[in-house]
Amino acid sequence: MSGGEYPFLRARHVKYFRRCLQVLPFTSVTFDTSRMAVLYFALSGLDLLDGLSELDIKERQHIINWIYSLQILPGNDRDEQACAGFRGGTTLASCRGKSSCDAVSQLDCGHITMTYTALASLIILGDDLSRVERPAVMAHVAALQCPDGSFFSTRGGSENDMRFMYCAAAICYILQDFSAINTTSATKYILNSMSYEGAMGQGTHLEAHGGSSYCAIATLHLLGKLDSSLSRTQILGALDYLDTTALRQFVLSTQDPITGGLAKYPNSNPDGLHTYLGISGLSLLRKDDLKPVDPALNISQQALSHLHQLHKNISKNPTVPC
Amino acid sequence: MNTVREVEIPTGSMKARGPEVAPVTSGRADVSFEVSLSMGSTANNITEENTRRTPGEEQDDSLDDGSDGETWVFYRERKEWADITPVPQDDGPHAVVKIAYTEAFSDVYDYLRAVVAKGELSERALYLTEDAINMNAANYTVWQYRRKILRHLGSELEQELNFCREMIEMNPKNYQVWHHRRVIVEWLGDGSKELKLTEIIFSQDAKNYHAWEHRQWALKTFKLYDGELDYVDRLLEEDVRNNSAWNQRHFTISQTTGFTKEVIQREVEYTKAAITKVVDNESPWSYLRGVVQHCEGGLASVGDLWEWCQKMYDEGQCSPHLLTFMLDLMEDRMERQPDLRPSLLKRCLEEADAVGYVISLPPSRGQQTVALEMAMNSDNFTGVLTYIINS
């Protein structure tokens, strides 16, 4: 495709996400431990496209059950709880029944991004989060914060940076419990990651990058620290500066007219991540009749309203789990 | 139809275990690290994978790929694994986002699950993790298990560094391989190979974020700063638009000499020369701003920056980077010297048309005058000016 206007291929993208929910080709095997994230992209994408009605009640319930089946249900032991949260896939899940050794529980841990995307997916599907093991999820988040304020992704050992900080903030916001985060050190980490370019890298001295800046700003917002930490006008509220027509044309030029889905660049292969983020971007620009997205949690505003309703219910009746 | 097949895995176990290196793939020159809030911490970019062969990828067409002719044998057919009962994956009755695993993949992971469940920390389990990693280098739990085995066996870590380098060269944008590298280097307490490794990666993609992060970590941890500024110089000579290299320049100076008065002056001259080459590229302009921010006297206190900008402007240069930098200079001077505000604001106003496409001042000239006068008379001069510029 070249030149001219690109049409927005809504129906094809709905089909694309439907296929993501079923089976991915083997070339996507690198997502084997992140299937939860792919699920979330597909669900949130379908939501923005107003295509969730394609899933009947039974299918939704199956998905909800699958998500909960990936939650790790530890005992009361604090170390065990630190390894809780949600997994991204079932690679090692079946080892647990075969053995009582700790080796498995240390390897078959929750992952902070998978926990965030599991919770977001449940909200999108209208679940009430009643089966979430809140104390274990909180112990998991708390155990992953580093002394410098940033977060690891999993108890078994990983890099630590701004991505996982964002996931921690999103989890705490969803569950309305910030006790697991040391917000002072988290905020300090974010501000120390601001480079001379006026945006954030993944950590101190690292090159500023759109992705880490997004994670940093969204974290500050979710923690309620945005206004006190940054001058809002310098960074945000600047949508007017964008050439939205050109942006839209670029996003649409990455569509695959045959399979549906959006890619990173024109004429390359689409994937769930770029399809979701592309559509989410168009939603932010208020284009193509998409449902409005909440930029901080990355769910539709409708899904966010559902979450806020759940929050009201807990504050009315604190014994009911959120 | 799909019974036992002989398939090839480019760097599998069985015999090819030494330093044979799989073909180094070329990374694309972009900064993307696919922010993996996205992908947990996984993930090469799928789009890239489709343009190159990855270990364990679709095997049907790999029989004639001309690699070393090694034949893949399923674990279930290997005598030395006969004592192990494979543990199949349990995805529940209604799994979603399934992956169409190949038979070889399921075989390897069935045995992996079996040894994990058994808690086996052995040489053969180590080899098994290598196959599992070759098939999916983004599986962080396999890497964690591998480290556990290495620790337990007290394995030769230099050899592990070689394996890790091969994996990095094949998966330069995968988080797990870089993390593994860092852990092994920490265990060894020797960072002497790290700069060279990142340089190999930069020769394919000078903006690989993982490699820059690793390099900064190695420089800081092992105090390897000697020669770093020269290396950055070379990168900037090759590509003056390399923003990652400019960032590294800032990092290196901040960790070594610091931004003393002399260093600031030197860097300003260096950057001015670079800007003259690529006035439309934002990277050196950002760096220039970053350098002079360290100057106590502010932007306008460094040498002849204003005159230098003015000269370019007079020669007809109207790059938005030049114009915004001039506005910053003016703002800085007005902030520090209130008596200059009337004349400088007038100048701002005159240039409003020129910069109009960069910075939107209120539309009519009358409104602009009012707004700028408001700024001039306000105690919070910068705040108001920022508001005007952004409104």
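Reading the values: the criteria
- Residues numbered from 1 in each chain as written.
- Chains lettered and ligands numbered in written order.
- Predicted model: local features only at pLDDT ≥ 70, side-chain atom pairs only at ≥ 80, totals over all residues.
- UniProt positions renumbered as here; feature names shortened; annotations may be inferred.
- Helix = DSSP H or I, 4+ residues; strand = E, 2+ residues; numbered from the N terminus.
- Rg over C-alpha atoms; globule rule 2.2 N^0.38 Å.
- Buried ≥ 20, exposed ≤ 12 C-beta atoms within 10 Å, placed from the backbone.
- Arc of directions from axis to C-beta.
- Contact = placed C-beta atoms within 7 Å.
- Domains from an automatic or database assignment.
- Core = buried A, V, L, I, M, F, W, Y, C linked by C-beta atoms within 7 Å.
- Axes fitted to C-alpha atoms, helices over the stretch in contact; angles between N-to-C directions.
- Parallel < 35°, antiparallel > 145°, perpendicular 65-115°, else oblique.
- Left-handed = near helix turned anticlockwise from the far one by under 90°.
- Nonpolar A, V, L, I, M, F, W, Y, C, P; charged D, E, K, R; others polar.
- pLDDT = per-residue confidence, 0-100.
- Expected span 1.5 Å × (residues − 1).

- As recorded by an unreviewed UniProt entry, chain B carries the name Protein farnesyltransferase/geranylgeranyltransferase type-1 subunit alpha and is attributed to Portunus trituberculatus.
- What UniProt records for chain B under Sequence similarities (unreviewed entry) is the sentence "Belongs to the protein prenyltransferase subunit alpha family."
- According to the UniProt record, the Cofactor (unreviewed entry) comment for chain B is "Mg(2+)".

- Named according to an unreviewed UniProt entry, chain A is Geranylgeranyl transferase type-1 subunit beta originating from Portunus trituberculatus.
- UniProt's Cofactor (unreviewed entry) comment on chain A is quoted here verbatim: "Zn(2+)".

1. What to know about the overall build of chain A
Then, in step 1: When helices and strands are counted, chain A shows 15 helices and 7 strands.
Then, in step 2: Computed over the C-alpha atoms, the radius of gyration of chain A is 20 Å, within 12% of the 20 Å expected from 2.2 N^0.38 for a compact globule of 322 residues.
Then, in step 3: Across its three principal directions, the C-alpha atoms of chain A cover 60 × 45 × 40 Å.
Then, in step 4: Each of the 322 residues in chain A was classed as buried or not, and the buried ones make up 52%.

2. Things to note about helix 9 (residues 228-238) of chain B
Residues and elements named next belong to chain B.
Then, in step 1: Within the sequence span of helix 9, burial applies to Glu-228, Val-232 and Leu-236. On an axial view of helix 9, the arc spanned by its buried residues comes to 75 degrees, and they lie on one face. Across from the buried face of helix 9, at angles greater than 90 degrees, the exposed residues are Asp-230, Arg-234, Glu-237 and Glu-238.
Then, in step 2: Contacts made by the buried residues of helix 9 are with helix 8 (209-222), helix 10 (243-255) and helix 11 (261-277).

3. Some points on the domain arrangement of chain B
Then, in step 1: For chain B, the domain assignment lists domain 1 (1-222), domain 2 (225-296) and domain 3 (312-391).
Then, in step 2: Contacts between domain 1 of chain B and domain 2 of chain B engage 6 residues on the former and 10 residues on the latter.

4. Some thoughts on unusual backbone geometry
All names here are of chain A.
Then, in step 1: For His-205, which is not glycine, the phi dihedral falls at a positive 70 degrees.
Then, in step 2: The topology assignment puts His-205 in the loop between helix 9 (183-192) and helix 10 (210-222).
Then, in step 3: The phi dihedral of Arg-286 is positive, around 60 degrees, even though this residue is not glycine.
Then, in step 4: The exposure class assigned to Arg-286 is exposed, which follows from the 11 C-beta atoms found within 10 Å.

5. Comments concerning the nonpolar core
Then, in step 1: Counting 161 residues, the largest nonpolar core has Met-165, Ala-168, Ala-169, Ala-170 and Ile-171 of chain A together with Val-108 of chain B as its most contacted members.
Then, in step 2: A total of 13 residues in this core trace back to one element, the largest contributor, which is helix 8 (residues 162-175) of chain A.
Then, in step 3: Aside from chain neighbours lying at most four places away, what touches Ala-170 of chain A is Tyr-116, Leu-222 and Leu-297 of chain A.

6. Section: the environment of Arg-165 of chain B
Then, in step 1: By the element assignment, Arg-165 of chain B lies in helix 5 (residues 157-170).
Then, in step 2: Along the backbone, Arg-165 of chain B and Thr-85 of chain B are 80 residues apart, and their C-alpha atoms lie at a distance of 33 Å.

7. Let's talk about the packing of helix 11 of chain B against helix 12 (residues 282-292) of chain B
Residue and element names in this part refer to chain B.
Then, in step 1: At a closest axis distance of 9 Å, the pairing of helix 11 and helix 12 adopts a crossing angle of 165 degrees. By the angle class used here, helix 11 and helix 12 are roughly antiparallel. Handedness of the helix 11/helix 12 crossing: left-handed. Across the interface between the two elements, Ile-264, Glu-267, Val-268, Thr-271, Ala-274 and Ile-275 from helix 11 touch Pro-284, Trp-285, Tyr-287, Leu-288, Val-291 and Val-292 from helix 12.
Then, in step 2: Class assignment of the residues belonging to the contact of helix 11 with helix 12 gives a composition of 10 nonpolar, 1 polar and 1 charged.

8. Considering the confidence of the model for chain B
Residues and elements named next belong to chain B.
Then, in step 1: Of the residues in chain B, 70% reach a pLDDT of 70 or more, and the chain-wide mean stands at 79.
Then, in step 2: Overall, residues 356-362 carries pLDDT values under 50, and its contacts beyond four positions in sequence, including any with other chains, amount to 11 contacts.
Then, in step 3: Here the predicted complex scores 0.85 on pTM and 0.93 on ipTM.

9. A closer look at helix 6 (residues 112-124) of chain A
Residues and elements named next belong to chain A.
Then, in step 1: Here helix 6 is 13 residues long and its end C-alpha atoms lie 18 Å apart, about the 18 Å a rise of 1.5 Å per residue gives.
Then, in step 2: Of all the 13 residues making up helix 6, 13 are buried; the element is thus mostly covered by neighbouring parts of the structure.
Then, in step 3: With its phi angle positive at about 85 degrees, Gly-126 sits one or two positions after the end of helix 6.

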